[in-house]
Amino acid sequence: MRAERPLGRRGFLAGAGALAALTLMGCATALDDIGGSDEDNRNFQGRLLPQPVAKPEVTFTDTEGRPYDLRTATDGEMTMVLFGYTSCPDICPIHMGALPPAIEKARLPAGNPNVVFVGVDTARDTPEKMREFLDRFDRRFVGLTATPEEIDRALAEVGFPPVVIDPEGKGGDNYSVGHPSQILVFTPDNLAHIVYPFGTREQAWAEDLPRLATIDWNLA
Amino acid sequence: MSWWCSADGRAWTWEWRPYLGAWLLVGFLFAVYTWAYRSDPDFPLRRKLCALGGIVIILIATDWPMASLGAGYLLSVQMGRQVLIVLIAVPLLMYGAPPVVGRWLDGSQRRRSVTKVLSNPLFAVLATSGLLLAVNTPMVSDRTIISPLGSFAVDFLWIVAGVLMWFPVQSPSPMAPRLVGPLALVYLFIQSIAPLPTSFFMTWAEYPLFATFELAPRVVQGFSAVDDQELASGIAQVLGGLVIWFQITARFLHWAILREREENATVPDFIRRADARETARAAKTDR
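Residues numbered from 1 in each chain as written. Chains lettered and ligands numbered in written order. Predicted model: local features only at pLDDT ≥ 70, side-chain atom pairs only at ≥ 80, totals over all residues.

(A) Up close: the overall build of chain B. The secondary structure content of chain B amounts to 14 helices and zero strands. Radius of gyration (C-alpha) of chain B: 24 Å, far over the 19 Å computed for a compact globule of 287 residues. Overall size of chain B, expressed as C-alpha extent along the three principal axes, is 100 × 45 × 35 Å. With 287 residues in all, chain B has 39% of them scored as buried. When contacts within chain B are restricted to residue pairs at least 6 apart in sequence, those whose partners lie at least 24 apart make up 79%. (Helix = DSSP H or I, 4+ residues; strand = E, 2+ residues; numbered from the N terminus. Rg over C-alpha atoms; globule rule 2.2 N^0.38 Å. Buried ≥ 20, exposed ≤ 12 C-beta atoms within 10 Å, placed from the backbone. Contact = placed C-beta atoms within 7 Å.)

Encoded structure:
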């Protein structure tokens, strides 16, 4: 007679092994959802838009208080635009934080692209606060704002939904703001053919930017 | 209240968020050790205190804030957790393991066979390195630490890696052939260089390797994911190396002192024979 219970022990070990294997290899991750297939995206790591969109025809105000026409100020230059807000706890600072090292590593022959941050939380995104926020990443980043109506119009022109202020937070100073989490990239043809969702990594930017700077979309 | 730490993507706050699982784990360890000490009342207090230290370190490494920061925000803190668990807490717990554990390990042929395998230094080096390498790959890390279960698996595997690593030199089984003296030092030296490939990639990678830490809300402004990665590599190499080299030094001194006492305790044969001849000659002269 065996005093041991080998089956029970084997079962335990098999169960522990299976648990470890499942948790290590099989855990579902949202990270896999980022980006479409390479074939759909012509090997870009962002998402190609079904139709290219033009820069919004809205005159914004920059952090110096001067009017800023996105179309004329960035004409013929690669321009990356994020509609966000400076109090954003996650998406905006993470997106913006990935850009400076990626741009540096991309080493674009035509020079650095314009990075434009449109502050959609007009109550809190004052010029000073926006400048302070952007300087944390790069002093060359452009901060823009406009009236809520103009911002919503600009968003509609590029096919994004309007800004949503958390109704529970209205009136207080600690509220969240619903805003597009993608960065629109306008290539030198002054059209945006591609967006980069939240979760785009530094390496993806550094690999895509040189191609975006030189691509001829008519031939691509 | 989550039962275990994980990366949840929320902005970091210093608001206290204890993890139920961490407290249950240390409570379980404390209860088991306390119960085990009751059957071995003569067990040295020093060893009991070491085990208590190990339990406290397990709590520090698996509860807020260290676990939250490590699992969801900073790779450097995650590496600090690994060093704490694998290199400090587990050996302390093994040093403080009461004799009843050793008796249990020697209680059956099957357990003795397992103990023999675990005591094999080559197996220990390969198993520890393989396990830590697997846990620290972006593919595994990014997929596990985003859920409490996955993060728990990582922490559990760290404990397993710690047991595997220290078993050849700190086996609680009196029957297991423990490495002592220079062999133990060589074994620990090899274990100190085993994690270098992982650290190498972390140090020299041009881009952040781990999506979880790259895309996590920043805890310290201006401290980029690459900076964090380099610090993590430094912690794994320097802090981890220091812990192992402290062990090597302590074990060397211990071995050297014992050897010195042993050497001086007995008079070598040739001296004893010479002394005997001298005594005999003196006696003959006296006559």
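Here the narrative resumes, following the displayed structure.
(B) How the structure looks around the overall build of chain A. Along the backbone of chain A there are six helices and ten strands. For chain A, the residues scored as buried account for 35% of the 220 residues in total.

(C) Geometry of helix 2 (residues 45-62) of chain B. Residue and element names in this part refer to chain B. Along its 18 residues, helix 2 runs 26 Å from first to last C-alpha, staying within 8% of the 26 Å computed at 1.5 Å per residue. Listed as buried for helix 2 are Ala 51, Gly 54, Ile 55, Ile 58, Leu 59, Ala 61 and Thr 62. Those residues of helix 2 that are buried lie in contact with helix 1 (20-38), helix 3 (66-72), helix 4 (75-95) and helix 9 (148-170). (Expected span 1.5 Å × (residues − 1).)

(D) Structural detail: the confidence of the model for chain A. Residue and element names in this part refer to chain A. Per-chain confidence: chain A averages 84 in pLDDT, with 80% of residues scoring 70 or above. This model gives residues 1-7 a pLDDT under 50, and the stretch forms two contacts once residues within four places in sequence are excluded. Taken together, the stretch residues 18-37 has pLDDT below 50 and engages in 29 contacts with residues farther than four places along the chain or on a different chain. (pLDDT = per-residue confidence, 0-100.)

(E) Main features of the sheet that holds strand 5 (residues 114-119) of chain A. All names here are of chain A. Read from one edge to the other, the open sheet built from eight strands follows the order 1-10-9-4-5-6-2-3, with strand pairing classed as mixed. Lying at the two open borders of the sheet, with one neighbouring strand each, are strand 1 (47-54) and strand 3 (67-69). With strand direction ignored, the average angle separating the axes of adjacent strands in the sheet is 35°. Here strand 4 (residues 79-84) pairs with strand 9 (residues 183-186) via four bridges, running antiparallel. Bridge assignment links Thr 79 to a residue of strand 9, and that residue is Phe 186. The strands touched by helix 4 (residues 127-135) within the sheet are strand 5 and strand 6 (142-145), with strand 6 carrying the most contacts at an inclination of about 150°. (Pairing = 2+ DSSP bridges. Axes fitted to C-alpha atoms, helices over the stretch in contact; angles between N-to-C directions.)

(F) Focus on the interface of chain A and chain B. Opposite the 19 residues of chain A that make contact, chain B presents 26 residues. Of all the secondary structure elements, the ones that give two or more residues to the side of chain A that touches chain B are helix 1 (6-25), helix 3 (91-106) and helix 6 (202-214) of chain A. Per-element accounting of the side of chain A that touches chain B gives the leading share, five residues, to helix 3 of chain A. For the side of chain A that touches chain B, the per-class residue count stands at eight nonpolar, five polar and six charged. (Nonpolar A, V, L, I, M, F, W, Y, C, P; charged D, E, K, R; others polar.)

(G) Focus on the confidence of the model for chain B. Taken over all residues, the pLDDT of chain B has a mean of 93, while the share at 70 or more is 100%. Note on the complex model: pTM 0.85, ipTM 0.80.

(H) Seen up close, unusual backbone geometry. At the junction of Trp64(B) and Pro65(B), the peptide bond is cis and its omega measures out at 0° in the coordinates. Assignment of secondary structure puts Pro65(B) in the loop between helix 2 and helix 3. Positive phi outside glycine occurs at Asn43(A), with the angle close to 65°. Considering the arrangement of structural elements, one finds Asn43(A) in the loop between helix 1 and strand 1. Its 11 C-beta neighbours within 10 Å are what place Asn43(A) among the exposed residues. A positive phi angle, near 70°, is found at Asn190(A), a position not held by glycine.

(I) Just helix 11 (residues 196-204) of chain B, in detail. Residue and element names in this part refer to chain B. The set of residues buried in helix 11 consists of Thr 198, Ser 199 and Met 202. Relative to the axis of helix 11, the buried residues are bounded by an arc of 95° and lie together on one face. Opposite the packed face of helix 11, turned more than 90 degrees from it, sit the exposed residues Pro 197, Phe 200 and Trp 204. Those residues of helix 11 hidden inside the fold are in contact with helix 7 (121-135) and helix 13 (225-265). (Arc of directions from axis to C-beta.)

(J) Structural view of the pairing of strand 10 (residues 191-196) of chain A. Residues and elements named next belong to chain A. In terms of residue burial, strand 10 counts as a mostly covered element, since five of its six residues are buried. The sheet contact formed by strand 9 and strand 10 spans four bridges and is antiparallel. If you follow Leu 184 over to strand 10, its bridge partner there is Val 195. Taking the residues that link successive antiparallel strands as the turn, the strand 9-strand 10 hairpin has four residues, and the phi of Asn 190 there is positive, at about 70°.

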